[in-house]
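An overview of the molecular structure
Letter by letter, the chains look like this.
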Amino acid sequence: MLQKSTIQLLRFPFAFFLMPVYFFALSQTVYTNWWKAALVFFILHGLVYPASNGYNSYMDGDQSSIGGVREPMLPTPQLRQVVLGMDIVAIVSGLLVSRWFAMGLVTYILASRIYSSRITRIKKYPFAGFFLVIICQGALVFWMVYHGVHAKHPLQAPVTGMLASTFLIAGAYPLTQVYQHDADRRDGVTTISMILGIRGTFWLSGLLFNIAFILLGIHFALQLELVRFFILLLCFLPVLIFFITWARKVWRNKTEASFDNLMMMNKLAGICSNTGFLILVIWKIID
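In what follows, the accompanying structure is described. Fair warning: this is a prediction, and the values are worked out from it, not measured in the lab.

Another aspect to go through is the overall build of the protein. Scanning the protein from terminus to terminus reveals eleven helices and zero strands. Its helices and strands in sequence order give the protein the pattern α-α-α-α-α-α-α-α-α-α-α, from N to C terminus. The buried share among the 287 residues of the protein stands at 56%. Contacts in the protein between residues far apart in sequence, at least 24 positions, make up 74% of those at least 6 positions apart. When the accessible surface of the protein is totalled, it reaches about 13,600 Å², and 69% of it is carbon and sulfur. For the protein, the distance from the average position of its 22 positive side-chain charges to the average position of its 11 negative side-chain charges is 3 Å.

Structural data, given as structure tokens:
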């Protein structure tokens, strides 16, 4: 029977914040295998992402708030066993999609492990950890989804889509570190946010989000689908307003760079971005 701490530390709800890349890639395939689209969704959001969360929590033993969990419980050996089982099921299930998709899963899982492991601990290096996360959660996941859900399983995916996904993750990632400088310092981890400081983190995230939307604009312009890009902009408008408002609060009082405000930002961004890309998926279906 699964322990309560194991279920909590797998952080299944956190996968919601990573769904936009899936829906973006899904919206860009011309010929879609919907059975495999459902399988890819389950593998990523029901197995791979939670297992990655669980492994990270097992290695960190967090005693302060982490993404999606205000008061994390202490991990037990069961968590590591469950994570290993989920990884195996994910890879075996991935072979039902394609061997290339399964290889992508292996790459993602290995990257996640070297990021968190106490032996390799890439997360303690600010730039290496940053680039490993944004490339895997951005470009790699976009490629895996595009390849996996496409009826013809092409090995090439739109480069602009991969880049835009990477920069969307890059804009959000430093903000997840902005409230936990002290906890990271105690753990011997140096993050991008710690180097830049709280204000610098907001400047960097703002810049990276702008680049992401420039890339999205280029992506849709090349496909002569600028109307769809403008729909996305409208969906993201509430996120922009909240981001600017939050930044102004932080400028006046650094304690506003808190877990609660970050989670509000994450929830709003998750709802708006998923809505925007889901609209594009539905548009593709009825078009």
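This next bit is on helix H3 (residues 34-60). End to end, H3 covers 37 Å across 27 residues, agreeing with the expected 39 Å (1.5 Å per residue, within 8%). Where H3 bends most, the angle comes to about 30 degrees, and this point is Leu44. Within H3, 21 of the 27 residues are buried, which leaves the element mostly enclosed by the surrounding structure. The N-capping residue of H3, defined by a side-chain oxygen 3.2 Å from the backbone nitrogen of Trp35, is Asn33. Of the residues flanking the end of H3, it is Gly61, one or two places downstream, whose phi is positive at about 60 degrees.

Now for empty space enclosed by the protein. Within the structure shown, the criterion is met by one cavity of 30 Å³ or more. Reported here for the largest cavity is a volume of approximately 30 Å³. Taken together, Tyr115, Lys123, Tyr125, Pro126, Gly129, Phe130, Tyr173, Gln177, Thr190, Thr191 and Ile192 make up the full set of residues lining the largest cavity. Sorting elements by how many residues they give to the lining of the largest cavity places helix H6 (residues 126-149) first, with three residues. For the lining of the largest cavity, a count of residues per class yields six nonpolar, four polar and one charged.

On to the environment of Ser5, then. Relative to the assigned elements, Ser5 resides in helix H1 (residues 4-10). Distance in space between the C-alpha atoms of Ser5 and Met73 is 5.5 Å, their sequence separation being 68 residues. Filtering out sequence-adjacent residues up to four positions away, Ser5 remains in contact with Met73, Leu74 and Thr76.

Positioned with a positive phi, Arg121 is a non-glycine residue whose angle comes to about 45 degrees. Summarising the element assignment, Arg121 is placed in the loop between helix H5 (99-116) and H6. Relative accessible area serves as the criterion here: at 4%, Arg121 is assigned to the buried category. The phi dihedral of Leu224 is positive, around 55 degrees, even though this residue is not glycine.

Here we take up the packing of aromatic side chains. One pass over the full model with this rule turns up 22 aromatic pairs. Relative to Phe23, the ring of Tyr22 has its centre 5.4 Å away and its plane inclined at 75 degrees; by these criteria the two rings are edge-to-face. Across the pair, Phe23 and Tyr22 agree in class, each one buried. Between Phe130 and Phe131 the ring centres are 5.4 Å apart and the planes differ by 70 degrees, which places this aromatic pair in the edge-to-face class. Overall, Phe130 belongs to the buried group, its relative accessible area being 7%. By relative accessible area, Phe131 is classed as partly exposed at 45%. Joined through ring pairs, the aromatic side chains of Phe24, Phe142, Tyr146, Phe213, Phe220, Phe236 and Phe277 make up one cluster. The positively charged end of Arg11 is found above the aromatic ring belonging to Phe14, 5.7 Å away from the centroid. Between Arg228 and the ring centre of Trp283, over which it is positioned, the NZ or CZ distance is 4.6 Å.

Calculation rules
Residues numbered from 1 in each chain as written. Predicted model: local features only at pLDDT ≥ 70, side-chain atom pairs only at ≥ 80, totals over all residues. Heavy atoms only, no water. Helix = DSSP H or I, 4+ residues; strand = E, 2+ residues; numbered from the N terminus. Buried < 20%, exposed > 50% of the residue type's maximum accessible area, 1.4 Å probe, protein only. Contact = heavy atoms within 4.5 Å. Areas by Shrake-Rupley, 256 points an atom, 1.4 Å probe, with all protein chains shown as cover. Lys, Arg positive; Asp, Glu negative; His and termini not counted. Charge placed at Lys NZ, Arg CZ, Asp CG, Glu CD. Expected span 1.5 Å × (residues − 1). Bend = angle between axes of the 7 residues up to and from the residue. Polar contact = N/O pair within 3.5 Å; in protein donor to acceptor, adjacent residues only side chain to side chain. 1 Å grid on protein atoms, 1.4 Å probe; cavity = no way out; pocket = protein on both sides within 12 Å on 5 of 7 lines; lining within 4 Å. Points joined across faces, edges and corners; volume = space filled by probe spheres on them. Nonpolar A, V, L, I, M, F, W, Y, C, P; charged D, E, K, R; others polar. Phe/Tyr/Trp six-rings, centres within 6.5 Å; stacked < 30°, edge-to-face > 60°. Lys NZ or Arg CZ within 6 Å of the ring centre and 35° of its normal.

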